[in-house]
Amino acid sequence: MKYQNDIILRAARGEQVERVPIWLMRQAGRVLPEYKATRSRAKNFVEFVKNPDLAAEVTIQPVDILGVDAAIIFSDILVIPEAMGLPYQMIEAKGPWFENTLTSKSDIDALRIADGNDLSYVIKAIELSKKGLNNRVPLIGFAGAPWTIFAYMVEGSGSKTFSQAKKFLYQQPQLAHEALEKITQSTINYLKAQVAAGADMIQIFDSWAGVLGQEQYKTFSLHYISKICNELSPIVPVTVFAKDAHFALADMAVLSCNTIGIDWTINPQDARIIVGHQKTLQGNADPCLLYAEECVIEQEARKMIQAFGKQRYIANLGHGLYPDTEKHKVKFFIDCIKSL
Ligand code: 1CP
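Residues numbered from 1 in each chain as written. Predicted model: local features only at pLDDT ≥ 70, side-chain atom pairs only at ≥ 80, totals over all residues. Heavy atoms only, no water.

A few points about the sheet that holds strand S4 (residues 139-144)
We count it as follows: For two strands to be treated as a pair, DSSP must find no fewer than two bridges joining them. Working definition: helices are DSSP H or I runs of at least four residues, strands are E runs of at least two. Numbering for both runs from the N terminus. Should any heavy atoms of two residues lie within 4.5 Å, those residues are considered in contact. Each axis is a line fitted through C-alpha atoms, taken for helices only over the stretch in contact, and angles between the N-to-C directions span 0 to 180 degrees.
Across the sheet, seven strands lie side by side as S1-S4-S5-S6-S7-S8-S9; this open sheet has parallel pairing. Sheet topology places strand S1 (71-72) and strand S9 (313-317) at the edges, where each strand pairs with a single neighbour. Across five bridges, S4 lies against strand S5 (residues 201-206) in parallel orientation. Residue pairing across strands places Gly144 opposite Phe205, the latter belonging to S5. Most of the contacts of helix H14 (residues 294-308) go to strand S8 (residues 280-285), to which it runs at about 155 degrees, and overall it touches S8 and S9.

Some details on the packing of helix H7 (residues 120-133) against helix H10 (residues 173-197)
Helix-helix packing: each pair is described by the crossing angle between the helix axes and the interaxial distance. Heads up, the condition is: For classification, angles of less than 35 degrees are called roughly parallel, those exceeding 145 degrees roughly antiparallel, those between 65 and 115 degrees roughly perpendicular, and all remaining angles oblique. What makes a crossing left-handed is the near helix being turned counterclockwise from the far one by less than a right angle; a clockwise turn instead makes it right-handed.
Two elements in contact, H7 and H10, have axes separated by 9 Å at closest approach and are oriented at 25 degrees. In terms of orientation, H7 and H10 fall into the roughly parallel class. Relative to H10, H7 is oriented so that their crossing is right-handed. Contacts between H7 and H10 involve Val122, Ile123, Ile126, Glu127 and Lys130 from the first element and Tyr190, Ala193, Gln194 and Ala197 from the second.

Quick notes on the packing of aromatic side chains
This is how it is decided: Ring pairs are drawn from Phe, Tyr and Trp, using the six-membered ring of Trp, whenever the two centres fall within 6.5 Å, and their geometry is named by plane angle: stacked under 30 degrees, edge-to-face over 60, tilted for the rest.
Enumeration over the complete set of coordinates arrives at 13 aromatic pairs. When the centroid spacing of 6.1 Å and the interplanar angle of 75 degrees are considered together, the rings of Phe45 and Phe74 count as edge-to-face. Of this pair, Phe45 sits in helix H3 (residues 45-49) while Phe74 sits in the loop between S1 and helix H5 (79-84), and the two are 29 residues apart along the sequence. Arranged with centres 5.4 Å apart and planes meeting at 80 degrees, the rings of Tyr152 and Phe162 form a pair that is edge-to-face. Of this pair, Tyr152 sits in helix H8 (residues 146-155) while Phe162 is found in the loop between H8 and helix H9 (163-171), placing the two residues 10 residues apart along the sequence.

Details of the pairing of strand S3 (residues 95-98)
Strand direction decides the pairing type here: strand S2 (residues 88-91) and S3, joined by four bridges, are antiparallel. Each bridged residue has a counterpart across the sheet, and for Ile91 the counterpart in S3 is Gly95. In sequence, S2 turns back onto S3 through a hairpin of three residues, with Ala93 there showing a positive phi of about 65 degrees.

Things to note about the site of the ligand
The line we're drawing: Put simply, a residue is near a molecule or strand once any heavy atom of it comes within 4 Å of that molecule or strand. The definition of a polar contact used here is a pair of N or O atoms within 3.5 Å, where within protein one atom must be able to donate a hydrogen and the other to accept one, and adjacent residues in sequence count solely through side-chain atom pairs. Classification convention: Asp, Glu, Lys, Arg as charged; Ala, Val, Leu, Ile, Met, Phe, Trp, Tyr, Cys, Pro as nonpolar; all other residues, Gly among them, as polar.
Around the ligand, the structure places 22 residues, and the nearest of them are Tyr35, Arg39, Tyr152, Ser207 and His319. Ala28 places a main-chain nitrogen or oxygen 2.7 Å from an oxygen atom of the ligand. A distance of 2.7 Å separates an oxygen atom of the ligand from a polar side-chain atom of His319. Partitioned by chemical class, the residues of the shell around the ligand number 14 nonpolar, five polar and three charged.

Some remarks on the nonpolar core
To be explicit about the condition: Grouping buried Ala, Val, Leu, Ile, Met, Phe, Trp, Tyr and Cys residues that are joined through side-chain atoms within 4.5 Å yields what is termed a nonpolar core. Partly exposed residues are those whose accessible area sits between 20% and 50% of the maximum for their type, while under 20% is buried and over 50% is exposed, using a 1.4 Å probe and protein chains only.
Counting residues in each nonpolar core, the largest one holds 133 residues, and the members touching the most others are Trp23, Phe150 and Phe333. Among the elements that line this core, the one with the most residues is H10, at 11 residues. In contact with Phe150, other than residues within four places in its own chain, are Leu102, Ala165, Phe168, Leu169, Ala176, Ala179, Leu180 and Ile183.

Thoughts on H8
The buried fraction of H8 is high, at 10 of 10 residues. Among the residues of H8, Pro146, Trp147, Thr148, Ile149, Phe150, Ala151, Tyr152, Met153, Val154 and Glu155 are the ones counted as buried. Just beyond H8, the residue with positive phi is Gly156, at close to 85 degrees.

Here we look at the environment of Ile260
Tracing the sequence through the fold places Ile260 in strand S7 (residues 259-261). Given the relative accessible area of 0%, Ile260 is considered buried. Apart from the residues lying within four places of it in its own chain, the contact partners of Ile260 are Val240, Leu249, Met252, Ala253, Val275, Lys279, Thr280, Leu281 and Gln282.

Quick word on unusual backbone geometry
Across the junction of Gly283 and Asn284, the peptide omega takes the value -10 degrees, indicating a cis bond. For Asn284, the location among the structural elements is in strand S8. A positive phi is found at Asn135, a non-glycine position, where the angle reads about 65 degrees. Owing to a relative accessible area of 33%, Asn135 belongs among the partly exposed residues under this scheme. One non-glycine residue, Arg312, lies in the positive phi region at around 50 degrees. Along the polypeptide, Arg312 turns up in the loop between H14 and S9. Residue Arg312 is classed as buried on the basis of its relative accessible area of 17%.

A closer look at the pattern of salt bridges
As a reminder, the rule being used: Definition used for salt bridges: Asp or Glu carboxyl oxygen within 4 Å of a side-chain nitrogen of Lys or Arg.
On inspection of all chains with the given rule, the structure shows 21 salt bridges. As a salt-bridge pair, Glu231 and Lys192 come within 2.7 Å of each other at their nearest N and O atoms. Taken together, the residues span a long stretch of sequence, with Glu231 in helix H11 (residues 214-232) and Lys192 in helix H10 at a distance of 39 residues. Take Lys192: its relative accessible area is 34%, and that puts it in the partly exposed class. What emerges from the salt-bridge pattern is a single network uniting Asp6, Arg10 and Glu18.

Okay, structure coming up:
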């Protein structure tokens with residue numbers, strides 16, 4: 001066996017596991033004092049992400065400190081817009097901000113199709129993380145889904161509704177498809193470079209799936225996610241996590257991916273019926289559960305495992321950890337899952 005612990009890869013491939021594997025979205029960051037200490041050594045978030053030594057350090061921290069079954073490379077989904085020609089800043093307590101956004105055909109024509117060379121700092125961070133992990137657990141690579149990336153590139157910042165991005169879909173659908181195609185090609189190049197550098201599995205984050213209706217979601221998001229799955233799943237296990245996309249589960253069930261991530265609004269048994277038995281499910285605890293007393297956390301962890309079952313399942317939250325979660329509660333939740 002290549003890894004001391006490869007339970008997450010076995011669960012993703014649908015092989016037998018002796019216990020449920022667990023990792024947490026946003027485990028690399030936010031809740032660990034150790035993360036904050038490393039972060040303070042960089043000038044700002046973008047510089048932090050671009051520093052492979054620091055990025056590798058915080059990638060490994062949750063494996064050492066929390067005991068998760070996989071590391072996820074510390075980076076951000078917004079490195080793709082930057083590599084394509086739209087740089088971003090991360091404004092403290094506010095979130096991402098783009099000086100230039102996509103509005104017209106000339107903006108989209110000017111976008112470059114990125115590849116691994118444009119993101120050599122992430123590739124380097126993956127190589128360093130693999131060295132530091134020393135085959136203890138697998139490393140997860142990731143990228144945003146094309147729709148979510150497009151949404152930030154049009155909107156220029158976070159948004160509750162992403163109404164500017166949706167306006168673009170209604171007013172200039174052909175142009176939106178041209179942009180989505182360029183983002184998709186860049187993402188495929190980028191993810192293949194992550195795998196070549198050592199990423200053992202890949203997750204696609206469609207954080208803003210839930211602002212689209214079912215038909216638009218198929219046309220403007222799943223169509224492109226499917227292209228990424230077709231290129232990547234022959235080489236590594238692929239997970240698709242689409243936040244608030246319960247309406248799309250049946251369509252996601254036919255993607256060529258191994259795992260589907262679900263949020264806490266979806267009932268595990270319903271998800272299993274819709275998705276069938278050919279895929280692994282991942283999720284879906286409410287991140288707010290980790291504010292509860294330990295006895296409640298334990299009870300809910302138990303219920304979650306009973307509902308999903310032990311096989312073809314990877315325990316996780318239904319979205320990223322919130323920054324004010326206490327580290328000992330996070331550790332307690334992970335230990336509960338591992339002991340059940
Ligand atoms: O101060 C800080 O440390 C900033 C917080 C932070 C962190 C820790 C941001 C800003 N990004 C990250 C790292 C990050 N981002 C990871 C690291 C690996 C991990 O531990 O999971 C990952 C996977 C992401 C992915 C990401 N970035 C997503 C998809 C997942 C999700 O949460 O839905 C999204 C939407 C982003 C954009 C982003 N980056 C950061 C913020 C605050 C946001 C969201 C902005 C918004 O509300 O629109």
